[in-house]
Amino acid sequence: EKDGHDWFMRKEIFEQPRAVADSLLGRRTPAGLLHLDEMRLSDDELRDVTKIIIIACGTSFYAGMVAKYAIEHWTRTPVEVELASEFRYRDPILDYSTLVVAISQSGETADTLQAIRHARTQRSKVLAICNTNGSTIPRESDAVIYTHAGPEIGVASTKGFLTQLVACYLLALYVAQVKGTRYGDEITEIVHQLEEMPDHIATVLESAEQVYELARSHLDTRSVLFLGRHAGYPVALEGALKLKELAYIHAEGFAAGELKHGPIALIEEGMPVLCVVPPQGRDQLHEKMISGIQEVRARGARTICLAEEGDTKIEPYADVLIRLPKVPVLLQPLVAIVPLQLFACELATAMGHDVDQPRNLAKSVTVE
Ligand code: M6R
């Protein structure tokens, strides 16, 4: 049942190309328009949406952070992302023109469920992104986008996260189609790019051995930092969460631009810093990230950089370089998280930990 893998988690990491492909299946009409089966909100209802609030916990929350970048860029609709456990207790401003998007792999997370119940009392529409058919959160929502990861057994979410990202991109593109904020050709082009992602993820998995060796050389590490910018920032947070959950190592993710506002004080000689380097583009993201990496390296950090093929500018600043396929910046989380999952999984198993059932954690958290 583990398909020859030692742990469900490892099996699930290697299933990701298939899970992403399945989550993209059947989403287009013969005319090339995007179609979402259980959308259930009419075009008029979607056109009336003036604000989107995404609520989720843990890994699903980080998928929501990526979604904010994509939805705002493609649809020009303002998006807030909030931890479900904080949402209800701050008296959020909600009405019929607010779309609340609840992201939950299990569909049973109590914090997220209570948050959508609250949103519905305020007349907001609720859309669930969920991996579990018939679970409570989609049953109590107005609309659903099901992800097709298949059952996720490992307590740490891996394929669940990637398929949530796919669902978020599809939602963003669908809203762009309905609101007319992007041309049809442009939407089709991005869907094509999404359809190429399973192959790109498979390419990253082919270099698992490099990441495993790296992980095994970190058995005595007490603390690891993760840096990212833009869509790479939630990837840094998710990479840190994986390491905490599985290896019980202190790990923190930071937005690279925040370093100089405090976290850089943590850097000590030899401290590993994993850096998610954005693709080289016309904007200044890439240059800004490199200058952050230079700063931590100058203070003794050991920089482990994930950067796209052909990025030579990063080479002088990377103590270890892990290559990623060339993909658009908004889609980069789909490939960039994979080495971080492999790193955490391998380090934890090499330390002798059970990665399917980490201590103190439950697969679905049904108490608030
Ligand atoms: O089932 P959900 O997506 O609602 O679960 C949310 C979190 O509990 C979950 O992502 C948790 O953070 C995982 N342990 C992450 O690996």
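Along each chain, residue indices are assigned from 1 in the same order as the chain's sequence is written. Only residues with pLDDT of 70 or above have their local features reported here, since the model is predicted, and side-chain atom pairs are shown and tallied only from 80 upward, although totals for entire chains, interfaces and linings are computed over all residues. Hydrogens and water are ignored here; the side-chain numbers use all heavy atoms of the structure.

### Thoughts on the site of the ligand
Here is step 1 of the chain: Taken together, 14 residues surround the ligand, and among them Ser 60, Ser 104, Gln 105, Thr 109 and Glu 245 come closest.
Here is step 2 of the chain: Here a polar contact is taken to be a pair of N or O atoms separated by no more than 3.5 Å, where protein atoms must pair a possible hydrogen donor with a possible acceptor and residues adjacent in sequence count only if both atoms sit in side chains. A distance of 3.2 Å is found between an oxygen atom of the ligand and a backbone nitrogen or oxygen belonging to Thr 59.
Here is step 3 of the chain: A distance of 2.5 Å separates an oxygen atom of the ligand from a polar side-chain atom of Thr 109.
Here is step 4 of the chain: Accessibility throughout is a Shrake-Rupley quantity obtained with a 1.4 Å probe, and a residue counts as covered only by protein chains that appear here. If the ligand stood free it would expose 410 Å²; the protein chains cover 90% of that surface.
Here is step 5 of the chain: Helix numbering and strand numbering both begin at the N terminus, where a helix is a DSSP run of H or I of at least 4 residues and a strand a DSSP run of E of at least 2. Of all the secondary-structure elements, those providing two or more residues to the shell around the ligand are helix 4 (58–75) and helix 12 (232–247).
Here is step 6 of the chain: Considering every element that reaches the shell around the ligand, the biggest residue donor is helix 4, with 3 residues.
Here is step 7 of the chain: All residues other than Ala, Val, Leu, Ile, Met, Phe, Trp, Tyr, Cys, Pro, Asp, Glu, Lys and Arg, Gly among them, are scored as polar; the first ten of these are nonpolar and the last four charged. The class makeup of the residues in the shell around the ligand is 3 nonpolar, 9 polar and 2 charged. Proximity is defined per residue: if any heavy atom of the residue lies within 4 Å of a molecule or strand, that residue is considered near it.

### Some words on the nonpolar core
Here is step 1 of the chain: By nonpolar core we mean a set of buried residues, namely Ala, Val, Leu, Ile, Met, Phe, Trp, Tyr and Cys, connected to one another through side-chain atoms within 4.5 Å. Throughout, exposure labels follow a simple rule: accessible area from a 1.4 Å probe, protein chains only, divided by the maximum for the residue type, with under 20% read as buried, over 50% as exposed, and the rest as partly exposed. Formed by 94 residues in total, the largest nonpolar core has its most connected members in Met 39, Trp 74, Val 101, Leu 127, Tyr 169, Phe 226 and Leu 243.
Here is step 2 of the chain: Broken down by element, this core gets its largest block of residues, 15 residues, from helix 8 (residues 159–179).
Here is step 3 of the chain: Throughout, a residue-residue contact means that at least one pair of heavy atoms, one from each residue, lies within 4.5 Å. Among all residues touching Phe 226, those that are not within four sequence positions of it are Ala 236, Gly 239, Ala 240, Leu 243, Ala 251, Glu 252, Gly 253, Phe 254, Leu 274 and Leu 340.
Here is step 4 of the chain: One finds Ala 256, Cys 275, Ala 301 and Cys 305 within the second-largest nonpolar core, a separate group that totals 20 residues.

### Topic: the pattern of salt bridges
A side chain with one charge may pair with a side chain of the opposite charge, provided their charged atoms come close.
Here is step 1 of the chain: Should a side-chain nitrogen of Lys or Arg be within 4 Å of a carboxyl oxygen of Asp or Glu, the pair is scored as a salt bridge. Within the structure shown, the criterion is met by 26 salt bridges.
Here is step 2 of the chain: Between Glu 72 and Lys 68 there is a salt bridge, with its nearest N and O atoms 3.3 Å apart. Of this pair, Glu 72 and Lys 68 both sit in helix 4, 4 residues apart, which is roughly one turn of that helix.
Here is step 3 of the chain: Note on Glu 72: relative accessible area 25%, which makes it partly exposed.
Here is step 4 of the chain: Between Arg 117 and Glu 140 there is a salt bridge; the shortest N-O distance is 2.7 Å. Of this pair, Arg 117 sits in helix 6 (residues 110–121) while Glu 140 sits in the loop between helix 7 (136–139) and strand 5 (143–146), and the two are 23 residues apart along the sequence.
Here is step 5 of the chain: Residue classification places Arg 117 among the partly exposed positions, given a relative accessible area of 34%.

### Observations concerning the packing of aromatic side chains
Here is step 1 of the chain: Each Phe, Tyr or Trp ring (for Trp, its six-membered ring) is paired with any other whose centre lies within 6.5 Å, and the angle between the two planes then decides the class: stacked below 30 degrees, edge-to-face above 60, tilted in between. The full count for this structure, using the stated rule, is 2 aromatic pairs.
Here is step 2 of the chain: The rule for a charge over a ring is simple: NZ of Lys or CZ of Arg within 6 Å of the ring centre, and within 35 degrees of the ring normal. Residue placement shows Arg 359 over the ring face of Tyr 248; its charged tip is 3.9 Å from the ring centre.

### A short note on helix 14 (residues 333–350)
Here is step 1 of the chain: By definition here, a helix of n residues has an expected span of 1.5 Å times n minus one. With 18 residues, helix 14 extends 26 Å between its outermost C-alpha atoms, agreeing within 8% with the 26 Å of an ideal straight helix rising 1.5 Å per residue.
Here is step 2 of the chain: For helix 14, the tally of buried residues reaches 17 of 18 residues, placing the bulk of the element in the interior.
Here is step 3 of the chain: Among the residues trailing helix 14, Gly 352 stands out with phi positive, at a value near 90 degrees.

### A few points about the packing of helix 10 (residues 197–206) against helix 14
How two helices pack is summed up by the angle between their axes together with the distance between the axes.
Here is step 1 of the chain: Two elements in contact, helix 10 and helix 14, have axes whose closest approach is 9 Å; the angle formed by their N-to-C orientations is 30 degrees. For the element pair helix 10 / helix 14, the angle class is roughly parallel. Crossing angle aside, the handedness with which helix 10 passes helix 14 is right-handed. Counting all contacts with helix 10, which are made through Met 197, His 200, Ile 201, Val 204 and Leu 205, the residues of helix 14 involved are Leu 334, Val 335, Val 338, Pro 339 and Leu 342.
Here is step 2 of the chain: The residue makeup of the contact of helix 10 with helix 14, split by class, is 9 nonpolar, 1 polar and no charged. For every element, the axis is a line fit to its C-alpha atoms; helices are fit only across the contacting stretch, and the angle between N-to-C directions ranges from 0 to 180 degrees. By the definition adopted for this analysis, an angle is roughly parallel if under 35 degrees, roughly antiparallel if over 145, roughly perpendicular if from 65 to 115, and oblique otherwise. Handedness of a crossing is defined here by the sense of rotation of the near helix relative to the far one, left-handed for an anticlockwise turn of less than a right angle and right-handed for a clockwise turn.

### Let's talk about the sheet that holds strand 3 (residues 98–104)
Hydrogen bonds along the backbone pair up the strands of a sheet, which may run parallel or antiparallel.
Here is step 1 of the chain: By definition, two strands form a pair when at least two bridges between them are found by DSSP. Strand order across the open sheet formed by 5 strands is 2-1-3-4-5, with parallel pairing between neighbours. Strands with a single pairing partner mark the edges of an open sheet, and in this sheet they are strand 2 (79–83) and strand 5. Going across the sheet, the axis of each strand differs from the next one's by a mean of 20 degrees, ignoring polarity.
Here is step 2 of the chain: Sheet topology places strand 3 next to strand 4 (residues 125–130); 6 bridges connect them, and they run parallel.

### Describing the sheet that holds strand 6 (residues 223–228)
Here is step 1 of the chain: Read from one edge to the other, the open sheet built from 5 strands follows the order 7-6-8-9-10, with strand pairing classed as parallel. The outermost strands of the open sheet, each flanked by one partner alone, are strand 7 (250–255) and strand 10 (320–324). The mean angle between the axes of side-by-side strands here comes to 20 degrees, regardless of whether they run parallel or antiparallel.
Here is step 2 of the chain: Where strand 8 (residues 272–276) lies against strand 9 (residues 302–308), 5 bridges are found, and the strand directions are parallel. Of the residues in strand 9, the one forming a bridge with Val 276 is Leu 306.

### Regarding unusual backbone geometry
Here is step 1 of the chain: A positive phi angle, close to 55 degrees, is found at Arg 76, a residue other than glycine.
Here is step 2 of the chain: Residue placement: Arg 76 occurs in the loop between helix 4 and strand 2.
Here is step 3 of the chain: Although it is not a glycine, Asp 91 adopts a positive phi angle of roughly 55 degrees.
Here is step 4 of the chain: In this structure, Asp 91 sits in the loop between helix 5 (84–87) and strand 3.
Here is step 5 of the chain: Residue class for Asp 91 comes out exposed when judged on its relative accessible area of 63%.

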